[in-house]
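# Coordinate analysis (summary)
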Amino acid sequence: MVDKEKCTGCHQCELWCGTEIASTSRELARAINEEPHPAPRVYVEGKPFALQCRHCESAPCLDACPNGTMRRDPETGLIYVNEPTCIACWMCVMVCPFGIINPSSSMKVAIKCDRCRNMGYPICAEVCPTGALSLVERKDYRKKKF
Amino acid sequence: MEFIQKKTADNAAEHFLAKAADRGTKLAWDRFEGQLPECGFCESGLSCRDCLQGPCISHPFRDVNKRGVCGKDKDILAVQTLLKLVLKGTMASLDQVSDFVEGVASGAVKPKDKAEADRIVAGIEALLKEGGAGMKKAFPKDLLAAWEEAGIYPQGVAKDLFKASQKVEGGVAGVEETLFWAFKAALLGAFAQRLQGGLKKAVFGAAPAEIEVNMGILKKDTATILLYGRFSPVLKAKIAAAAAKKKVNVAGVCTDPLLSPYVFAPVTSYGSQELPLMTGAVDLIVTGDQFVHPSVAAIAAEYNTVVVPTETLKGRNPEAFTNEIVEKALNAFQFRSSVARDIPEAKESALMGLSAADLDVKKIAVALNEGKIKGIAILAGTNNVKFTQDLPFVTMAQEFLKDDILCISEGDASVSLAKYGFLNPRQCGKHCGDGVAKLLKAAGSNLPAVLDLGYAENGGVAEFLFALSAAAKKAVKELPVLACFAEANRSAEVAEALGLVAMGVSTFFWPSLPVTGSPKTMEALGKLCGEKFGARLIVHTDKKMEPLAKARMILKVFNRVEDPILKDHPWTDWKTQG
């Protein structure tokens, strides 16, 4: 979850997401020079506010996906792209209300944040220098006053 | 963010880490952990704060912001980051030498060799204004010719440093041109160091001395002054003279330990500079700017230690100032009698301050030519909190000496090695392989395993290299010499590393410099420098490499074993050349 008061727009979440999740080398100095360049799953654009997947309870991307590539992990509730079956129809890209699903032109798959479901803790929250990104339960987040 | 790694290899320092944790005192290691993860853009040299339209970054993973507002791309951003570091490092050398000249010119000390001192002072004054004509005497002809050809022959501070500093302000200079400005600046720094070394010799004389290092040298029953950082030798001598009269103990941290006839025993090395204050046995510290953590003031306050910045001397009579310092130290000693003095037993003897004149350079040259030793490693630089303090130095010295590579060290690297007995002449046999042991016996009397060539500010390494090159009748770049900044940290070290590369010594540099974001700059530091100077700056990006792996990688170069990491390395060039 993002605390918009704390986000300074420093792009660190993008940089380390790109390195840890999207690069093949997983080392910043090498990832920088990888071609095609790694595509981060979190975005800071225009305003200091990190955008990443909300893993909606009623998720339009799940409904829009024609062949079940977009899936929800039954245990954690996290939504992820099953890359081998993606047909690059970009329906999910069009319906996402937050604009966080992006077409990867080089790989022909939709790419989106899966909240580092295989890593235990999201890397963006780990590296955020101001603590703007943090992993909190949705109900706790709602109680906060922003 | 957690960072799991042993903090230091020094037992004396480790003792205080536990104490600091108990008391809640935050040290450099704790603050480093708090900084993690460090900004990836800054780490790769892809950020810029040079103007107020920014700050800008070059985003490696996105196309919309590949260039800064003014149009700097990743290559220019990275090479300019390097230039900025070098400029700052060169300024450090120039600042020291100008302070020294001011002290000598004011007549505060009587030079041993007045004529030589006057000559050098005139040379330094010329260097600061415009003409660096003295360069011709300080460096060998072939190097000067190579620098002239590469377009990096420095003309003097006013002509070069001002221009170089403007390369970060704007203009369309490319990677190569900007890099050469960095080399030009680095050479000015190297020249300033040589002049400083000459002046120190002319004013105070120079002789190696066996001194004791590490925190065990602190005393329980005597008032103690610690000199922190590099500042004017004239002021240091005055403080030592005033302290000697009142029987006050004076030691140093990150400061040149030898200033004939005085000795400032190094209490610890750079990385653990906050810890001597935690012994409670320091009554007063005199702090310069270079190589001093601002945090020492807060820790000094915790232990009621008086802090006197050298800046407070400005406009005052140096005699009165130093007497006042000593008085303050004595008062503080009385006042602090309730502070417990916790002094660890650690103490080691070290022979420091050798110079080319104290060594039989001819014998070293012969041993190199005949293959009795495989090469010479220059261990330089201070500590960096990113590595286990001193461990890279110790591991490298151990591995190199075993494999018949002569090790020389300078500055704070010497202090680090001295703590583990590498500079103790009586422990020489313990570390060395046969070839090095025989050479050390022949090349001088009572030499330790690692030869300390004095503090970096005195340019002792360059002097040694030129003497060796003359004796071996080979250019420096043709000698099997490698420099290794195993845990570098300050900008002065970056400037020094570039200076060494320009002189023809391939240099390994850790941690990786903020140029890794630019493939062009990385390539220029390797290939272009190889073509122009016959030496390279080798920047490694692997953060997880163990010290032993690093040492073995360098050993491969000395043993001329082909290795994919070292592809196109000058050593193979060197091998094909001769």
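Refer to the structure printed above.
Quick caveat: nothing in here was measured; it's all calculated off a predicted structure.

### Describing the overall build of chain B
The helix and strand inventory of chain B stands at 23 helices and 17 strands. For 578 residues, the compact-globule estimate of 2.2 N^0.38 gives 25 Å, and chain B sits close to it at 23 Å. Across the 578 residues of chain B, 62% fall into the buried class. Of the contacts made within chain B by residues no fewer than 6 positions apart, 77% connect residues no fewer than 24 positions apart. When the accessible surface of chain B is summed, it comes to about 22600 Å², and 53% of that surface belongs to carbon and sulfur atoms. Computed over 70 positive and 67 negative side-chain charges, the inter-centroid distance for chain B is 2 Å.

### Here's the deal with unusual backbone geometry
Working note: non-glycine residues mostly have negative phi, and peptide bonds are mostly trans. A cis amide bond links Glu-35 of chain A with the next residue in sequence, Pro-36 of chain A, at an omega value of -10°. Looking at the secondary structure, you find Pro-36 of chain A in the loop between helix H2 (28–31) and strand S1 (43–44). Omega for the bond connecting Trp-510 of chain B with Pro-511 of chain B falls within 30 degrees of zero, at -5°, which places this linkage in the cis form. Among the structural elements, Pro-511 of chain B can be located in the loop between strand S16 (506–509) and helix H21 (519–533). Here Cys-116 of chain A, not a glycine, exhibits a phi torsion of approximately 50°, which is positive. Tracing the backbone through its elements, the reader meets Cys-116 of chain A in the loop between strand S6 (109–111) and helix H5 (123–127).

### Digging into the packing of helix H4 (residues 74–105) of chain B against H21 of chain B
Residue and element names in this part refer to chain B. The N-to-C vectors of H4 and H21 enclose an angle of 50°; their axes lie 7 Å apart at closest approach. It follows from the interaxial angle that H4 and H21 lie oblique. Two secondary-structure elements touch here, H4 through Lys-74, Asp-75, Ala-78, Val-79 and Leu-82 and H21 through Pro-519, Lys-520, Thr-521 and Leu-525. For the contact of H4 with H21, the residue count by class is five nonpolar, one polar and three charged.

### Some thoughts on the interface of chain B and chain A
Facing 23 residues of chain B, the contacting portion of chain A comprises 22 residues. Approximately 1700 Å² of surface area, both sides summed, lies buried where chain B meets chain A, with 60% of it carried by carbon and sulfur atoms. Of all residues in chain B, Pro-37, Phe-61 and Arg-62 of chain B bury the most surface against chain A, accounting for 37% of the area lost on that side. Put simply, chain B and chain A have two salt bridges between them.

### Digging into the pairing of S16 of chain B
All names here are of chain B. Of the two faces of S16, both are covered, the one formed by Ser-506 and Phe-508 as well as the one formed by Thr-507 and Phe-509. Taken together, the four bridges between strand S15 (residues 481–485) and S16 define a ladder with parallel strand orientation. Bridge pairing in S16 places Ala-483 opposite Thr-507. The β-α-β motif built from S15, the intervening helix H20 (residues 491–503) and the parallel element S16 has right-handed crossover chirality. Where S16 meets strand S17 (residues 537–539), three bridges bridge the pair, whose relative direction is parallel. Note on S17: the bridge partner recorded for Phe-509 is Val-539.

### Quick word on the packing of H4 of chain B against helix H8 (residues 157–166) of chain B
Residues and elements named next belong to chain B. It is the contact of H4 with H8, at a shortest axis distance of 10 Å, that shows an interaxial angle of 150°. Comparing the axis directions of H4 and H8 gives the class roughly antiparallel. For H4 against H8, the interelement crossing comes out left-handed. Along its contact with H4, which presents Leu-83, Leu-87, Thr-90, Met-91 and Leu-94, the element H8 presents Val-157, Leu-161, Ala-164 and Ser-165. Taken together, the residues of the contact of H4 with H8 break down into seven nonpolar, two polar and no charged.

### Considerations on the packing of aromatic side chains
By convention here, two paired aromatic rings are described through the distance between centres and the angle between planes. The final tally for this structure, using the stated rule, is nine aromatic pairs over all chains. For the pair Phe-139 of chain B and Phe-466 of chain B, a centre-to-centre distance of 5.6 Å together with 75° between the ring planes defines the contact as edge-to-face. Placement of the pair is Phe-139 of chain B in the loop between helix H6 (135–138) and helix H7 (141–150) and Phe-466 of chain B in helix H19 (residues 460–472), with a sequence separation of 327 residues. A relative accessible area of 10% means that Phe-466 of chain B is categorised as buried. Among the aromatic side chains, those forming a connected cluster through ring pairs are Phe-139, Trp-147, Phe-191 and Phe-466 of chain B. The lysine or arginine in question, Arg-117 of chain A, covers the ring of Tyr-80 of chain A, its NZ or CZ lying 3.5 Å from the ring centre. Across from the ring centre of Trp-181 of chain B, 4.4 Å away, lies the NZ or CZ of Lys-184 of chain B, which sits over that ring.

### Describing the sheet that holds strand S12 (residues 375–380) of chain B
Hydrogen bonds along the backbone pair up the strands of a sheet, which may run parallel or antiparallel. Residue and element names in this part refer to chain B. Overall, parallel pairing links the six strands, which are arranged S14-S13-S12-S15-S16-S17 in an open sheet. For this open sheet the edge positions go to strand S14 (450–452) and S17, each flanked by a neighbour on one side alone. For this sheet the average axis-to-axis angle between neighbouring strands, irrespective of direction, equals 25°. Where S12 and S15 come together, five bridges link them in parallel fashion. For Leu-379, the partnering residue across the bridge sits in S15 and is Cys-484. Against the sheet, H20 touches S15, S16 and S17, its axis set at about 155° to S16.

Cut-offs and rules
- Residues numbered from 1 in each chain as written.
- Chains lettered and ligands numbered in written order.
- Predicted model: local features only at pLDDT ≥ 70, side-chain atom pairs only at ≥ 80, totals over all residues.
- Heavy atoms only, no water.
- Helix = DSSP H or I, 4+ residues; strand = E, 2+ residues; numbered from the N terminus.
- Rg over C-alpha atoms; globule rule 2.2 N^0.38 Å.
- Buried < 20%, exposed > 50% of the residue type's maximum accessible area, 1.4 Å probe, protein only.
- Contact = heavy atoms within 4.5 Å.
- Areas by Shrake-Rupley, 256 points an atom, 1.4 Å probe, with all protein chains shown as cover.
- Lys, Arg positive; Asp, Glu negative; His and termini not counted.
- Charge placed at Lys NZ, Arg CZ, Asp CG, Glu CD.
- Axes fitted to C-alpha atoms, helices over the stretch in contact; angles between N-to-C directions.
- Parallel < 35°, antiparallel > 145°, perpendicular 65-115°, else oblique.
- Nonpolar A, V, L, I, M, F, W, Y, C, P; charged D, E, K, R; others polar.
- Buried area = accessible area lost by both parts, 1.4 Å probe.
- Salt bridge = Lys/Arg side-chain N within 4 Å of Asp/Glu carboxyl O.
- Pairing = 2+ DSSP bridges.
- Right-handed = clockwise from strand over helix to strand, strands pointing away.
- Left-handed = near helix turned anticlockwise from the far one by under 90°.
- Phe/Tyr/Trp six-rings, centres within 6.5 Å; stacked < 30°, edge-to-face > 60°.
- Lys NZ or Arg CZ within 6 Å of the ring centre and 35° of its normal.

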